[in-house]
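Descriptive analysis of the structure
What follows is each chain in one-letter form.
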Amino acid sequence: MPLTQSREISAASRLENVRYAIRDLACVADEVIAQGHKVLPLNIGDPNVFDFQTPPHMIEAVYKAMRDGKNGYAPSSGIKAALDAIRGEAARKGIGTIQDVFITSGVSETVDICLAALLNPVDNLLTPCPDYPLYSAVLAKLDLKLNAYYLNEEDGWQPDLDDIRKKITPRTRGIVLINPNNPTGSVCTRQMLEEIAELARRHNLVIFADEIYDKLILESDPSGKDAHVAMAAVAPDVPVITFGGLSKNYLAPGWRIGWGIASGEASVIKAYVDGINKLLRARLCANHPEQYAIPAALDGPQDHLIEVKRKLRSRRDLTQKWCTDTARVSCVAPRGAFYAYPRIEIPESDEVFVRELIRQKHVMVVHGSGFGQKPGTQHFRIVFLPDEQTLGKAYAGIASLIRERYGKG
Ligand SMILES: Cc1ncc(COP(=O)(O)O)c(C=O)c1O
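The following refers to the structure shown. Quick caveat: nothing in here was measured; it's all calculated off a predicted structure.

Comments concerning the nonpolar core
Counting 132 residues, the largest nonpolar core has F208, M231, I241, L246, I294, F353 and I398 as the members making the most contacts within it. The greatest single-element share of this core, amounting to eight residues, is contributed by helix α14 (residues 388–406). Those residues in contact with I241 that lie beyond four places of it in its chain are F102, C114, V206, I207, F208, A209, G260, I261, A262, I269, Y272 and I276.

Here it is as structure tokens:
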């Protein structure tokens, strides 16, 4: 008789803590789609699903690279032309103490590598709450517990410094700062960056500055300039890994191109950077031909950003007005990226609300509990990438569910 395996192959128990609410909701949507309905997707931050296209000169650069035979493995850190372009862009942002630059399969892989290269089993990392769930998923994969600090809704979702101070332990190795923020759309003030840098100095922390949305600032400062300030420019002496990529600013999420810029004092960061490079070598390289789009993107025309920001401002304004006008809903106005994180006052969990919204009104948003939130509060995340007509339809659906299910409040 042939031998067959009959015992179930179980997944590693540490995976129980891996959640990715944004995609986990897809099963509910699939049921609704199977019944013949169209679902309005306000849940995934992919501009290319909507009326945003990758700039053609970037596509040309990748196509040319493929035609020119750049189809083998690339160097583990990335191709020189792209690394030079990233250094140039970092210099324009005032980052002067660069110790290393490396290109990865999206910021997702940068995060994976940078966290794995830093953290021992007894260590912890401060991550924001609400959080972009990649960070908690990577920490779970490393079998590490969350050490989450709150973003303060009453203070425009700025990091809560008192909470950060309380949560630093002798085993805290770093802090993640997402700026502009997903899921709240907030942008850190320069003073906040300075305060966090000071805490990092005092407690010997690495700062992970996730700045993947840095060109999508929707509010100007009084001088009319974009208001984004790079953490690594404010704190040249502090070990900072700045994350950037092509997914959002350059509308090419499917290419899976991201990067990390390590800055700070050379002697302080050297051993850690060596560790990162070990892991970079172990996974061979990032997508090769797509790396040729990096110089095209960073050094080429930036015209697409004018149109992208015009659309996003209009959609943000519509979203904000709807939040203000709708009973039980309130929202801190987003200042960057393409997310709003409204608060909702309802007598049941935001996850139930979001599932019912998909089932009854065919609108998909993500529940606040999928990102984390203060106990006793409930939220949902809106992606305001769709055009005004689609957003209008979605908001009418959300408002009618709130009215029908909870009354006016
Ligand atoms: C804050 C943040 N960081 C990282 C990522 C992942 O980006 P990538 O597509 O480069 O992996 C996202 C994607 O939504 C994000 O919102």
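Overview of the site of the ligand
Surveying the vicinity of the ligand reveals 13 residues, the closest of which are V107, S108, D210, Y213 and R256. Against a free-state accessible area of 400 Å², the protein chains account for coverage of 94% of the ligand. For the shell around the ligand, the per-class residue count stands at six nonpolar, four polar and three charged.

Details of helix α6 (residues 134–141)
Of all eight residues making up α6, seven are buried, and the element is well covered by its neighbours. Those residues of α6 that sit buried are L134, Y135, S136, A137, V138, L139 and A140. Where α6 is buried, its residues meet α5 (106–118), β3 (124–129), β6 (172–178), β7 (206–210) and β8 (240–245). D143 occupies a position one or two residues after α6 and carries a positive phi of about 65°.

Description of the packing of aromatic side chains
Under the definition given, this model contains nine aromatic pairs. Here the aromatic rings of F338 and Y339 are separated by 5.0 Å at their centres, their planes lie at 55°, and the arrangement is tilted. Looking at F338, the relative accessible area reads 1%, which means it is buried. Each ring, one from F353 and one from F380, has its centre 5.5 Å from the other, and the planes form 55°; the classification is tilted. Of this pair, F353 sits in helix α13 (residues 350–361) while F380 sits in strand β15 (residues 380–383), and the two are 27 residues apart along the sequence. Residue F380 is classed as buried on the basis of its relative accessible area, which comes to 0%.

About the thresholds
Residue numbers restart at each chain and count upward from 1, following the sequence in its written direction. The predicted origin of the model limits local features to residues at a pLDDT of at least 70 and limits the giving and counting of side-chain atom pairs to 80 or more, whereas totals for whole chains, interfaces and linings rest on all residues. Side-chain descriptors were evaluated using all non-hydrogen atoms of the structure, hydrogens and water having been removed beforehand. The set of buried Ala, Val, Leu, Ile, Met, Phe, Trp, Tyr and Cys residues whose side-chain atoms join them within 4.5 Å is what this entry labels a nonpolar core. Three labels apply to residues, based on accessible area from a 1.4 Å probe with only protein chains included: buried if under 20% of the type maximum, exposed if over 50%, partly exposed otherwise in between. The secondary structure listing takes helices from DSSP runs of H or I that are at least 4 residues long and strands from runs of E that are at least 2 residues long, numbered from the N terminus. For this analysis, residues touch if any pair of their heavy atoms sits within 4.5 Å. One heavy atom within 4 Å of a molecule or strand is enough for the residue carrying it to be called near that molecule or strand. All accessible-area figures derive from a Shrake-Rupley calculation using a 1.4 Å probe, and residue coverage is judged against the displayed protein chains alone. When residues are sorted by character, Ala, Val, Leu, Ile, Met, Phe, Trp, Tyr, Cys and Pro go into the nonpolar class, Asp, Glu, Lys and Arg into the charged class, and all the rest, Gly among them, into the polar class. Aromatic rings from Phe, Tyr and Trp, taking only the six-membered ring of Trp, are treated as a pair when their centres fall within 6.5 Å; an angle between ring planes under 30 degrees marks them as stacked, one over 60 as edge-to-face, and anything in between as tilted.

Just geometry here; none of it tells us what the structure is for.
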